[in-house]
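Examining the three-dimensional arrangement
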Number of protein chains: 4
Amino acid sequence: MTALVLSQRGLLGDEVAKHNNNNDCWVIIHGKAYDVTEFLPEHPGGSKIILKYAGKDATEEFDPIHPPDTLDKYLDKRFHKGPVDMSTVETTAKEDDPEEAARQDRIARMPLLEQCYNLYDFEAVARQVMKRTAWGYYSSGADDEITMRENHTAFQKIWFRPRILVDVTEVDTSTTMLGTKCSIPFYVTATALGKLGHPEGETVLTKAAGKHDVIQMIPTLASCSFDEIVAAADGKQTQWFQLYVNKDRKITERIVKHAEQAGCKGLFITVDAPQLGRREKDMRAKFSDIGSDVQKSEDPDAIDRSQGAARAISSFIDPGLSWKDIPYFQNLTKMPIVLKGVQRVDDVIRAVDHGVTGVVLSNHGGRQLDTAPTGIELLAEVMAELRQRGIQDKIEVYIDGGVRRASDIVKACCLGAKGVGIGRPFLYAMSAYGEKGVSRAMQLLKDEFVMNMRLIGARTIDELTPDLVDTRGLNVHTVPIAPDTLGNHAYDPLVSPAFKAKL
Amino acid sequence: MTALVLSQRGLLGDEVAKHNNNNDCWVIIHGKAYDVTEFLPEHPGGSKIILKYAGKDATEEFDPIHPPDTLDKYLDKRFHKGPVDMSTVETTAKEDDPEEAARQDRIARMPLLEQCYNLYDFEAVARQVMKRTAWGYYSSGADDEITMRENHTAFQKIWFRPRILVDVTEVDTSTTMLGTKCSIPFYVTATALGKLGHPEGETVLTKAAGKHDVIQMIPTLASCSFDEIVAAADGKQTQWFQLYVNKDRKITERIVKHAEQAGCKGLFITVDAPQLGRREKDMRAKFSDIGSDVQKSEDPDAIDRSQGAARAISSFIDPGLSWKDIPYFQNLTKMPIVLKGVQRVDDVIRAVDHGVTGVVLSNHGGRQLDTAPTGIELLAEVMAELRQRGIQDKIEVYIDGGVRRASDIVKACCLGAKGVGIGRPFLYAMSAYGEKGVSRAMQLLKDEFVMNMRLIGARTIDELTPDLVDTRGLNVHTVPIAPDTLGNHAYDPLVSPAFKAKL
Amino acid sequence: MTALVLSQRGLLGDEVAKHNNNNDCWVIIHGKAYDVTEFLPEHPGGSKIILKYAGKDATEEFDPIHPPDTLDKYLDKRFHKGPVDMSTVETTAKEDDPEEAARQDRIARMPLLEQCYNLYDFEAVARQVMKRTAWGYYSSGADDEITMRENHTAFQKIWFRPRILVDVTEVDTSTTMLGTKCSIPFYVTATALGKLGHPEGETVLTKAAGKHDVIQMIPTLASCSFDEIVAAADGKQTQWFQLYVNKDRKITERIVKHAEQAGCKGLFITVDAPQLGRREKDMRAKFSDIGSDVQKSEDPDAIDRSQGAARAISSFIDPGLSWKDIPYFQNLTKMPIVLKGVQRVDDVIRAVDHGVTGVVLSNHGGRQLDTAPTGIELLAEVMAELRQRGIQDKIEVYIDGGVRRASDIVKACCLGAKGVGIGRPFLYAMSAYGEKGVSRAMQLLKDEFVMNMRLIGARTIDELTPDLVDTRGLNVHTVPIAPDTLGNHAYDPLVSPAFKAKL
Amino acid sequence: MTALVLSQRGLLGDEVAKHNNNNDCWVIIHGKAYDVTEFLPEHPGGSKIILKYAGKDATEEFDPIHPPDTLDKYLDKRFHKGPVDMSTVETTAKEDDPEEAARQDRIARMPLLEQCYNLYDFEAVARQVMKRTAWGYYSSGADDEITMRENHTAFQKIWFRPRILVDVTEVDTSTTMLGTKCSIPFYVTATALGKLGHPEGETVLTKAAGKHDVIQMIPTLASCSFDEIVAAADGKQTQWFQLYVNKDRKITERIVKHAEQAGCKGLFITVDAPQLGRREKDMRAKFSDIGSDVQKSEDPDAIDRSQGAARAISSFIDPGLSWKDIPYFQNLTKMPIVLKGVQRVDDVIRAVDHGVTGVVLSNHGGRQLDTAPTGIELLAEVMAELRQRGIQDKIEVYIDGGVRRASDIVKACCLGAKGVGIGRPFLYAMSAYGEKGVSRAMQLLKDEFVMNMRLIGARTIDELTPDLVDTRGLNVHTVPIAPDTLGNHAYDPLVSPAFKAKL
């Protein structure tokens, strides 16, 4: 260990700056220096991204990916080098980044929040104003993103059969999920890395949810710590906890008990992620970001671990989790247990047999296995089977994925869902407009929801019944044959009448 | 009340101009000043649009949205400030509006009427020459406009089975609707705010309809007054009346009786609009129009009421209307009663049970509930059920929505419709070319209709039978899976032979 | 009648030029002057197009539309003004027509004939090098051209079930149609106005067909006279005659007998054209062509007769033709009679009952009734019904429409067609490359045909059986729901790896 | 024979250069001169391409198309003119070829290998960096390339039914094909002319396959000689041999025995190519390449033999091959025999009856008969029939065509395939990045495969069972009706909120 020159306020910047390579690598995080040389090869996100900041302040890059207490918890004390006198750290004048300049220009010209009339609008704005890497992490799906996109379009395969001449003066959208009352049958589902979109991370969602009496599911992989998210709640609002089961069950045990004590009203165990999916949009965004340091690698088969944010944060998840573990969780907590990511009818039956409280029919937002079925399509199959067996009341069935309109939620409720999870749209609203954005997104959904109920002729959630929807096309996955290139080229399209030429 | 300086010809312009703000707001309409300060918060179209004209002449903006007698009827007399000497009113030199200049240029270069060969052509021209806000109101549909567009494409799912070697020298297209003879089985359906498209509003449609022996349905929400529209008729032509039921049944009673006395031959009660749908194209057009006054609002959840023309005019409609009210209307009038906007087979059966004369299978031009079924698709289901029960003659079934070709009408007739309503296409023809436009649109439909009957081998409307159409694909709603982005990018399309390069 | 100044070689140009208006209109055709004043209102193509040439030489415009003997046959002798001294006729220096100049430039840069590898290629070239009006006439279809395009794509709904390990060293594509041997089961079907595409008109097709032992069907509405087309044959080749039945049966009788005497081996009576269809592409092309003379018409309802070439030439066709007329034709001629344009299964049965030799399942190239069924789809239904009744050998079934590949013909043969008519592709080949073009088009089809038979495992036409094709999707007419505009806009497509930026 | 001036090191360049025409044509190949005058008309690739090099060095053009020993084997010795002093051969300064310059520029800017995340990426890069003619040969398919593209998209018609809560800590992808163990159920299938993509040709694939324990099928039409490819193997790896049966069975006998002696573990007899298909992309690329010498041909019907590389190399293939020949092969070799290119269910049954070891359900990469069925679709039908008859274990069923994702392979295994052949993707990886590219492509597939198994809940190949896939849409070939041109033009699409204008 080198002798250190310590100023009164801590290490000097140029001292840290010497440790700037593969064999001797320090970084500064929140004003403290850490020696991460030995940790480099183990970094889940790859060593390259750290080396980019070797000898420098890495806080900005570090923050959205890591819970605030990461280094203090996981890095051996002997590598904690102590505080740095930040006034002595050379702030690398940001290189001229034309892409970033263009982004800042777009931010300056953002549409007003009032111009967002639906959830797509937040997404369209966020796409323009978010950093490319953050956008890449939020917006990406598995492989060809077929399932991700089908999640959305599947709802358009369901058509309404609206009832007329019903007195719909009063409409009540409130419902109960896992025993808790809430204002409307959707909830904020768990999504990772909230600080990629907003400096205050998931607490932004918490506040908007509280305001609208909407339930929030707290993610294991939040940027904020669990406690911060709980603290942001208003004391009356309901929160659930989403769990990635750790290979180390002790850790799992600790966080589940902690969640229960903090008042969480449901435990959602993710069962569709024994391994995280490949999300190439994320990988490509990440690659560009660290591309400047990259040399042609010697061994092309050494698939680099720098595969986007997703891979970086998920290496602890246990691929060995199985049905045998369910009783363990049932003993561990009194929270109602819901399996999140069920994808087959017979696995729902099995869940009933195991006595869990609920299932979320979900493909993880299309981020795991491409051409996995959509929640809404599976819902129709599942409810038919449950009703056939007379066990439709033995389990609460939720879905998530692809919701963009309140009519999507109405359709799910008609088919038998207790509630619907919404993830990305709120992230986009948050990333573009902060808490006000999320709040407006929720209000738009509520307005649409009331209108839809009126127009479909239903006054309460109970009145949303299967006969109000036409699902005949739901299980049809149409793939047109390839375009008729030569025929289309030769064909001369019809035209509208021509305006006279300009003078 | 301020002391007023009255010139001989009325108030002076600069006097009115002082009342130009939130707390003291006058406007001039048709040469008269009104104090609308107290009315501002109640204006169904929002206060912003009024404040834009505070202290100024608002006639041009006012006219298309409001029946001519609105202020005199609804604004307390004490706010009527009397006539204004219009020569003293500063005519605000229209700001340089490049968009409006471009529109005027397009108008100058409009195609000749003779170049319009079909109903799409009027739409294509109108889109270019109408004001954006007017176009936004006419052309918009609910949410993602899926139903609106399906209305049109649904007809393309029906294929003919034409009969050959029938002597079709003579073809008779005349038919009877609600007991009245007319030249052809389509009618002008009710649409709101005709003056957005043409200064003479709905009377333009009346005159063209009279000329062609086509029935017109008079809308509740016309820009012209009911009496003006009746007066524009030629004395022999048939008119029906479309009714939005008012929360205040007294008003409803009055206008229904008035319509009957004026000679209307049918009462069409709209049943698909307990709340008006969200039409974002309209909202967006409106927003831009008043955008210059807009500041970032403090409360983002306060969804502004300035949601386009549609919302502004519909707040009186009763969401409590139900089957129980039907006998009330049957007692109120001797006009045949038709329910407009029926959307389920069992509601048609219920209509038969209630003894109404007819139903219009309609989704309100796709302006109410998105992914509601199309009239033409529902028609096939309805007629099958009615025939099954042997009650197909107990009710007259109409449809509307999406008609662009006479073949669409022929298909509906083959399936059992008594008639087909057409709305937007005539509005577009009117907006672009006035009465001559509407008349040509009707003539084109007639010519197409005769041709279609010849080519299908039918000589009279009665000969339009179900066996002449193939509806096997009608209830299939195809949603292709998402485009294969990577595959398509890698694929190298076939090409036609290359011309030699230019020298 | 005016006194005429006759030069030794005929009328002087400036004398003719005086008769240049509505009330006194002469035109020069092939060096002779005609007074067409009285004929103007009766001209099937409208008066405008004649007035454009009033007092001038109209030969170039006249030729493709009219058989050479038209005026001498149909215009009263007293209006024949005699020969004109063409050296005295002012040849109007063609106005600078940038469109025509661009076309001439494209002609100069045409791809070599050897670069055309398939029938689309001729179409792609013809589209660029033909005059717009000629292209408009050939390429247009009815209304939205849905049926016209479906004619082509319908074949892509049929998939092969190829047989392997068949010795296909020798493949024989010859067959027999209406009792005549020919080299391959396709024929040149009747199409009108050949001189629009090539100065030698239909005789170009005759020569190529003769060379390839392909049967040609001679059209009633040819640009060349019937006798010219027969004379162009090589004496051994087979020709059929296509008949539009004239309201004046005497004329019909005369031309049928003439065709029989000239050796035609089949009479194809067109039964799908009691009225000609609306072809808007043709109408639009025509309109532009005569647009310079057009003023805003006074009466917008007076749908002008200038509706493209199609309408102009068809006014004589009898809409009263019916099944009752069939025996008349059977008495009139010994030629086998085939009904061209049958479009329903039961009409095929009726044709069998009437004892005709064959039917052509056809929708007139998609030029008559839009959303009429395609020949190939109908073929599958028809043959199933005929086989069901055991009468599949009582009638020869042909189809036409949309053929672009030999595989299309193979598919039709597998389903039971005796032969397949091809029209437009040969017109395009002729228009672009003349006789050599048509000959190459036929050779390409032959080459493809042999290859297809080898690859499908069939050695003779008889071995083309229904089990070689999969038609499960044939009767499905898919109309996807409207594009998801907002969703697609918000979605960020996957991309291929980026090349480095250019320096 | 001319008297030759021989330098010490061989013929002088200008001596050879004299023989530069149709009647006297020499070419230099690998430093030796050959008189090919008499051979010109027989050249399978047409004479034009040779004449382009008359009197010159043709090595570069010759190499990828011809196995190295071609001339020595097939050209009579008297035409071998002996070695040339290459220092005396004028190296024609390559003409300025802007297309080639652009390609070289693209090569200089190629993405890093690490940026390729999936098999499409190699294809996208190869398309930019390959020579147009090489790309044309590899990438082209038959006719409209419908089958070629369906091969790929067919996999997207199959959706997963993933099983959750299975302990997938350990996943084993190894399997057995034709009795040989290998690491994963895909193999490198036979493709021709490897040197078009890489100077070392097929040996590049051999090395990568060896490294990954993947089986390689050696093609008859390799650029490298069979022995070179065997020599490139590592001694332990498995190779199969693909056979085009020669009209001269002696040749076939010789090469089959040679392959067996060299250790090949399977004989794949191609049965779908009695004649090679038309691949117009290849023909067009070839045409351009030799276009400069081409004059308008006198006889347009003389379809030139220069129809791309495919035709040039296949003239020896026997179209007479039939089921009768199977016992001959069974006597000829002890290698397991597999029929490659089976396309009907009943032909698989017939294969079982003939006692062959396996079949490959294949349409030759979509290069033979367009609208032939895809392997994956046929697989579902075949396995159902085999199971129905209880003979699913009597034959090994393989498929190839269109594989781009490991999920495609997983789906095929679920449906019952023993293995899946991959061709073009490895050629593209090789052409763009050489052996490292192929190796990375294989590694990516392996990574995806493991991930897919985890996410679907399967630990071994045996656990890939039919219930894990939803194939309801597999046999649906959707061809949407033609686009609604006029309707789409008139429709005004919804838009996202507008950003403020740039200043």
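This text gives an overview of the structure that appears in the document.

Calculation rules
- Residues numbered from 1 in each chain as written.
- Chains lettered and ligands numbered in written order.
- Predicted model: local features only at pLDDT ≥ 70, side-chain atom pairs only at ≥ 80, totals over all residues.
- Heavy atoms only, no water.
- Salt bridge = Lys/Arg side-chain N within 4 Å of Asp/Glu carboxyl O.
- Buried < 20%, exposed > 50% of the residue type's maximum accessible area, 1.4 Å probe, protein only.
- Contact = heavy atoms within 4.5 Å.
- Buried area = accessible area lost by both parts, 1.4 Å probe.
- Helix = DSSP H or I, 4+ residues; strand = E, 2+ residues; numbered from the N terminus.
- Least-squares fit on C-alpha atoms with pLDDT ≥ 70 in both.
- Polar contact = N/O pair within 3.5 Å; in protein donor to acceptor, adjacent residues only side chain to side chain.
- Nonpolar A, V, L, I, M, F, W, Y, C, P; charged D, E, K, R; others polar.

**Observations concerning the pattern of salt bridges**
Applying the stated criterion across every chain yields a total of 128 salt bridges over all chains. Between glutamate 150 of chain D and lysine 157 of chain D there is a salt bridge whose closest N-O contact spans 2.6 Å. Judged by its relative accessible area of 0%, glutamate 150 of chain D is buried. The network of salt bridges with shared partners includes Asp143, Asp144, Arg278 and Glu280 of chain A together with Arg405 and Glu448 of chain D.

**Digging into the interface of chain C and chain A**
How big an interface is tends to be stated in terms of the accessible area lost upon association of its parts. Facing 31 residues of chain C, the contacting portion of chain A comprises 32 residues. Summing both sides of the interface, chain C and chain A together bury roughly 2,600 Å²; the carbon and sulfur share of this comes to 58%. At the junction of chain C and chain A, the tally comes to two salt bridges. Put simply, arginine 127 of chain A and aspartate 492 of chain C hold a salt bridge, and the shortest N to O gap is 3.3 Å.

**Topic: the environment of isoleucine 391 of chain D**
Of note, isoleucine 391 of chain D is situated in the loop between α16 (375–389) and β16 (396–400). Apart from residues lying up to four places away in sequence, isoleucine 391 of chain D is in contact with Ile349, Val352 and Leu386 of chain D.

**Quick word on the relation of the copies chain C and chain A**
By a simple turn and slide, chain C fits onto chain A: the slide is 0.0 Å along the axis, the RMSD is 0.1 Å, and the turn is 180°. The relationship between the two copies is best expressed as a two-fold rotation axis. Here 100% of the interface residues in chain C have copies in chain A that are interface residues too; the copies meet face to matching face.

**Here we look at the interface of chain C and chain B**
Tallying the contact residues gives 72 residues for chain C and 64 residues for chain B. Roughly 6,100 Å² of surface becomes buried between chain C and chain B when both sides are summed, with 59% attributable to carbon and sulfur atoms. On the chain C side of the contact with chain B, Arg109, Arg344 and Ile481 of chain C bury the most area, a combined 11% of that side's loss. Where chain C packs against chain B, one counts 10 salt bridges. The tally of links between chain C and chain B comes to 27 residue pairs in polar contact (both at pLDDT 80 or more). Secondary-structure elements contributing two or more residues to the side of chain C that touches chain B are α5 (98–108), α6 (119–129), α8 (146–153), α12 (280–290), β15 (337–342), α15 (345–353), α16 (375–389) and α19 (485–490) of chain C. Among the elements that make up the side of chain C that touches chain B, the one with the highest residue count is α6 of chain C (five residues). Among the residues making up the side of chain C that touches chain B, the classes are represented as 34 nonpolar, 17 polar and 21 charged.

**A few points about unusual backbone geometry**
In the Ramachandran plot, glutamate 145 of chain A falls in the positive-phi region, its phi being about 60° despite a non-glycine side chain. For glutamate 145 of chain A, a relative accessible area of 0% translates into the label buried. In this structure, histidine 364 of chain C is a non-glycine residue whose phi angle is positive, near 65°. Inspection of the secondary structure assignment puts histidine 364 of chain C in the loop between β16 (358–361) and α16.

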